[in-house]
Amino acid sequence: MKYSRQKKFYQWFNGSVTIYIQGNGVEKFLNLVMQEQMEISEICWRNEVLVSAKVPWYSLGKLRHIARRSKCRFRISGKSGLPLFLLRMKRRQALVAGTFVFAVLVYLASFVPLRVEVESPEPLTTVRFEDVIALAEESGIKPYRSTWFMDFHSAEEHILRGQSALSWVGIRSERGKVIISVVERKLANQEESDLLFGNILAGKDGLVDYILVRRGTAAVEKGSTVISGQPLVWGNNGQQRLAADAIIQARVWYQGFGECSRVETGYRLTGEETSSFALRNGQGKSLLLWGKKESPYEICHREDTVVPLVIWQQWQLPVSGVITDFAQEEAVVTERSSDDALAEAVARGKMEARKKVPAQGEILNEYVRIISRGPDLYQAQVTLEVQEDIGVFVPLPPEDQIQLEPIPMEEETAGKKE
Amino acid sequence: MDKKKNALAKKRNALRRAMVSALEIPAEVGLDIPKITMTGNYCLVVENHKGIIDYDLHRIRIKIGGGWVEITGSGLMLQTMSREELVIEGEIKGLNLETGL
């Protein structure tokens, strides 16, 4: 099949002519063509007297002599291929020019948007699409105007200045339209905790260091030990339900474990690397174009990168390119002294503990406990004492999201006493 | 006299085969004999042929070294024709080999 396709492409590139051969000496005609080392293909009987065949167009001159010698006649029934197409186009220059102009016009038209659209990942609450489009028009983003004359960057800035409720604006041209993507600013007073009634619970186990209640009633005090899920601030002030709001700083402890051997085996890159490129279709079949299919190295790190093959804009080939990088690795044996191994175990324990500490946490103290001291394996446990905000707002269930009736004065006083 | 000639020819062929076998040369090259490859009943490739003897709608006769090959069938088409090989496509129903080797 591959061979046949190559042959057909070769025929098309060189130009071929379909001929009808008639006469008694068809076999002689074919043998003479073969002896002259001319290419002839697709020979078949059309009817009882007529044989059709395909020959290169440049060999027509020689065929006349062969036909005369074999007492056959032939006539041309069709022409195909690149040279013959170019010859035809040479005679029809106006058609070629028209096609070229048409292609150029289509290309230029692709820069002219037919409409302007506004999109947002979430429904807009305070900004209207019409206002964004009006602002865009002020800065030159409008339909039927070439994108060459549009300055997307300055238009984005203009829209942001005109609509303070927007936090981000991005403009792009795509498939005959200009799309303005907007993101609305989320105002702080629109937080979930402000809209719903709820309590503040402890997100972690810890020791409360500092508590500042802005709304609600404190359920713990400074110095209290709390466990995860324990209420810290109730979402009521004795009279009505509200959304609890407070800052609760507590000490939390994180542990990390590290171990290190005196002799460790690892791998490192040698710097030697090679790549290969293959085409892969949807069924996962690959055709290797260059490079090696398997790694030439005994130990290596392999990385596959799939590259979609795009011809033009969104026109994508049904196959994708796969670049495979093979990086040679070598085994490395690291030997440490007992002190170094212990220090490494502690460092690893610290690293593991630090990974658990949240970004806003402040490390106050660190404690190291040596678990094992060799002779070959060293183990250490590191504990970090961290101060962080552990309060988590938990809204009440939907059925409790209703305001309570005001509590009579006596009961309120009694509640306070308790 | 003819018997002597035939015997001599047979000896010559046997010697050639032995040499080709010893030198590990492809037989179709060393002995000037055809190589016929058939795929199912729709494609037949004849390598090292000597030309076409007869060709009509249902039969193709091809000259080979020391004989001929006759292919019968329907819709027979000579897909490719060159001095090296000949590719026949169509519904092949029969293959007849006549050779003096």
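As the structure is a computational prediction, the values presented were derived from the model and not from experiment.

**Structural notes on the domain arrangement of chain A**
Phase 1 of the analysis: Domain parsing of chain A yields domain 1 (2-86), domain 2 (115-184) and domain 3 (264-335).
Phase 2 of the analysis: Taking only C-alpha atoms into account, the centre of domain 2 of chain A sits 42 Å from that of domain 3 of chain A.

**Observations concerning the domain arrangement of chain B**
Phase 1 of the analysis: Partitioning chain B into structural domains gives domain 1 (1-31) and domain 2 (33-101).
Phase 2 of the analysis: For domain 1 of chain B and domain 2 of chain B, the distance between their C-alpha centroids amounts to 24 Å.

**So, the interface of chain B and chain A**
Phase 1 of the analysis: Residue-level contacts link 18 residues of chain B with 16 residues of chain A.
Phase 2 of the analysis: Joining chain B to chain A, the criterion identifies zero salt bridges.
Phase 3 of the analysis: On the surface where chain B and chain A come into contact, there are seven residue pairs in polar contact (both at pLDDT 80 or more).
Phase 4 of the analysis: Among the elements of the structure, strand 3 (51-55) and strand 5 (67-81) of chain B are those that each provide at least two residues to the side of chain B that touches chain A.
Phase 5 of the analysis: For the side of chain B that touches chain A, the class distribution of residues is eight nonpolar, five polar and five charged.
Phase 6 of the analysis: Relative to strand 5 of chain B, strand 2 (residues 40-45) of chain A runs antiparallel, the two sharing four bridges. Looking across to strand 5 of chain B, one finds that I43 of chain A is bridged to L78 of chain B.

**Considerations on unusual backbone geometry**
Phase 1 of the analysis: Non-glycine residue K71 of chain A carries a positive phi angle of around 55°.
Phase 2 of the analysis: By secondary structure assignment, the location of K71 of chain A is in the loop between helix 3 (60-69) and strand 4 (72-80).
Phase 3 of the analysis: A positive phi angle is found at N48 of chain B, which is not glycine, with a value near 65°.
Phase 4 of the analysis: Residue position: N48 of chain B is located in the loop between strand 2 (43-47) and strand 3.
Phase 5 of the analysis: Look at N48 of chain B and you get partly exposed, because its relative accessible area is 22%.

**Notes on the packing of helix 6 (residues 129-138) of chain A against helix 7 (residues 152-162) of chain A**
Residue and element names in this part refer to chain A.
Phase 1 of the analysis: Helix 7 packs onto helix 6 with a crossing angle of 135° between their chain directions and a minimal axis gap of 9 Å. Between helix 6 and helix 7, the crossing angle belongs to the class labelled oblique. The way helix 6 lies across helix 7 gives a crossing that is right-handed. For the pair formed by helix 6 and helix 7, the contact residues are V132, L135, A136 and E138 on the first element and H158, I159 and G162 on the second.
Phase 2 of the analysis: Looking at the contact of helix 6 with helix 7 residue by residue, the classes come out as four nonpolar, two polar and one charged.

Definitions and limits used
Residues numbered from 1 in each chain as written. Chains lettered and ligands numbered in written order. Predicted model: local features only at pLDDT ≥ 70, side-chain atom pairs only at ≥ 80, totals over all residues. Heavy atoms only, no water. Domains from an automatic or database assignment. Contact = heavy atoms within 4.5 Å. Salt bridge = Lys/Arg side-chain N within 4 Å of Asp/Glu carboxyl O. Polar contact = N/O pair within 3.5 Å; in protein donor to acceptor, adjacent residues only side chain to side chain. Helix = DSSP H or I, 4+ residues; strand = E, 2+ residues; numbered from the N terminus. Nonpolar A, V, L, I, M, F, W, Y, C, P; charged D, E, K, R; others polar. Pairing = 2+ DSSP bridges. Buried < 20%, exposed > 50% of the residue type's maximum accessible area, 1.4 Å probe, protein only. Axes fitted to C-alpha atoms, helices over the stretch in contact; angles between N-to-C directions. Parallel < 35°, antiparallel > 145°, perpendicular 65-115°, else oblique. Left-handed = near helix turned anticlockwise from the far one by under 90°.

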